[in-house]
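# Examination of the molecular architecture
Here is how the chains run, residue by residue.
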Amino acid sequence: MASRGRGAAPFLILLAFLAAQCFHQSTEAKKVTTNLHFFFHDILSGPDPSAVLVARRSGRTGPNGAFGDVSVVDDPLTEGPEADSPVVGYARGIYVSASRQSPILVMGLDYGFTAGPFNGSSFSVFSQNPILDRHREVAVVGGRGKFRMAQGFANLRTYSINATTGDAVVEYSVTLFHYE
Ligand SMILES: *[C@@H]1O[C@H](CO)[C@@H](O)[C@H](O)[C@H]1NC(C)=O
Ligand SMILES: *[C@@H]1O[C@H](CO)[C@@H](O)[C@H](O)[C@H]1NC(C)=O
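These remarks concern the structure in this document. Within every chain, residues take consecutive numbers counted from 1 along the sequence as written. Whichever chain is written first becomes A and whichever ligand is written first becomes 1, with later ones labelled in order. Predicted model: local features are reported for residues with pLDDT of at least 70 only, side-chain atom pairs are reported and counted for 80 or more only, and whole-chain, interface and lining totals are derived from all residues. Neither water nor hydrogens contribute to the side-chain values; these are computed over all heavy atoms in the structure.

## A short note on the nonpolar core
Counting 27 residues, the largest nonpolar core has Phe38, Met107, Tyr111, Phe123 and Tyr172 as its most contacted members. Sorting elements by how many residues they give to this core places strand E5 (residues 104-113) first, with 5 residues. If we skip the residues at most four places from it in the chain, methionine 107 touches Ile94, Tyr95, Val125, Phe126, Ser127, Asn129, Val138, Leu156 and Tyr172. Throughout this description, the term nonpolar core refers to a set of buried Ala, Val, Leu, Ile, Met, Phe, Trp, Tyr and Cys residues connected via side-chain atoms within 4.5 Å. To sort residues, take the accessible area from a 1.4 Å probe on protein chains only and compare it with the maximum for the residue type: under 20% means buried, over 50% means exposed, and anything in between is partly exposed. The way it works is that DSSP assigns letters per residue, a run of H or I at least four long becomes a helix, a run of E at least two long becomes a strand, and they are numbered from the N terminus. By the convention used here, residues are in contact when the closest approach between their heavy atoms is within 4.5 Å.

## Observations regarding the layout of surface pockets
Grid points spaced at 1 Å over the protein atoms alone were grouped into cavities, where a 1.4 Å probe fits but cannot get out, and pockets, open sets with protein on both sides within 12 Å along at least five of seven lines, with lining residues defined by an atom within 4 Å of a point. Grid points are joined across faces, edges and corners, and a volume is the space filled by probe spheres set on the points. In this model, the largest pocket occupies a volume close to 600 Å³. In this structure, the largest pocket is lined by 28 residues; those nearest its centre are Asp42, Leu44, Tyr95, Leu105 and Ile131. Secondary structure elements with two or more residues in the lining of the largest pocket: strand E1 (31-42), strand E2 (51-55), strand E4 (87-97), E5, strand E8 (151-161) and strand E9 (168-179). Three classes are used: nonpolar for Ala, Val, Leu, Ile, Met, Phe, Trp, Tyr, Cys and Pro, charged for Asp, Glu, Lys and Arg, and polar for all others, with Gly counted as polar. Taken together, the residues that form the lining of the largest pocket break down as 18 nonpolar, 6 polar and 4 charged. Volume-wise, the second largest pocket comes out at about 160 Å³. Lining the second largest pocket are 13 residues, with His41, Ile43, Ala83, Ala168 and Val169 positioned closest to its centre. Elements represented by at least two residues in the lining of the second largest pocket include exactly E1, strand E3 (70-78) and E9. Its residues assigned to classes, the lining of the second largest pocket shows 7 nonpolar, 3 polar and 3 charged.

## Concerning the side chain of serine 85
Take serine 85: it is sitting in the loop between E3 and E4. What makes serine 85 buried here is its relative accessible area of 9%. Nitrogen and oxygen atoms within 3.5 Å of one another constitute a polar contact, given that in protein one can donate a hydrogen and the other can accept it, and given that sequence-neighbouring residues count only through two side-chain atoms. Of the polar contacts made by the side chain of serine 85, one reaches the backbone nitrogen of glycine 80; its length is 2.7 Å. Apart from residues lying up to four places away in sequence, serine 85 is in contact with Thr78, Glu79 and Gly80.

Here you go:
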């Protein structure tokens, strides 16, 4: 046993050396800040809606009748607020009406870019969104591609809403901290 213990010493030194190398390499990755600005189009109306209600409870009692609604979305992201503004990506996932009291959505969405320097990359939001507030902040919890390991936040402002159809355009100002 004793001789086996002595034989382990060089091995332990090697391990410590490798661990130091790993630590050294992990500090090399550079953390950067990226700001993004775009418009999110949530289209409920027409023959090709971008947000569809897929589940609703029976009986819509209580202060928020929409409580429990689940929608699946594939919402275009554009440079400007107009419907025909160039598309830069899509926000895909779900939002649920998750407050018994008021119109608060909880969104689980992947914002994937299809143009520009971040084509092929995405960031993910999982957050409450009190949609009637003029300004609200949602949490960015991760990302892919150039946004790997992203953390951050997005400030949302309703740009326009059609009271008849519920179609909405929301302005996004996003701050991401991520590795290059
Ligand atoms: C985005 O990336 C895809 C896949 O690499 C490519 O096919 C497409 O042409 C790119 N789009 C733009 C606008 O750069
Ligand atoms: C709201 O949508 C309806 C139905 O598409 C349309 O007729 C109306 O012009 C829209 N209102 C505004 C303010 O855009």
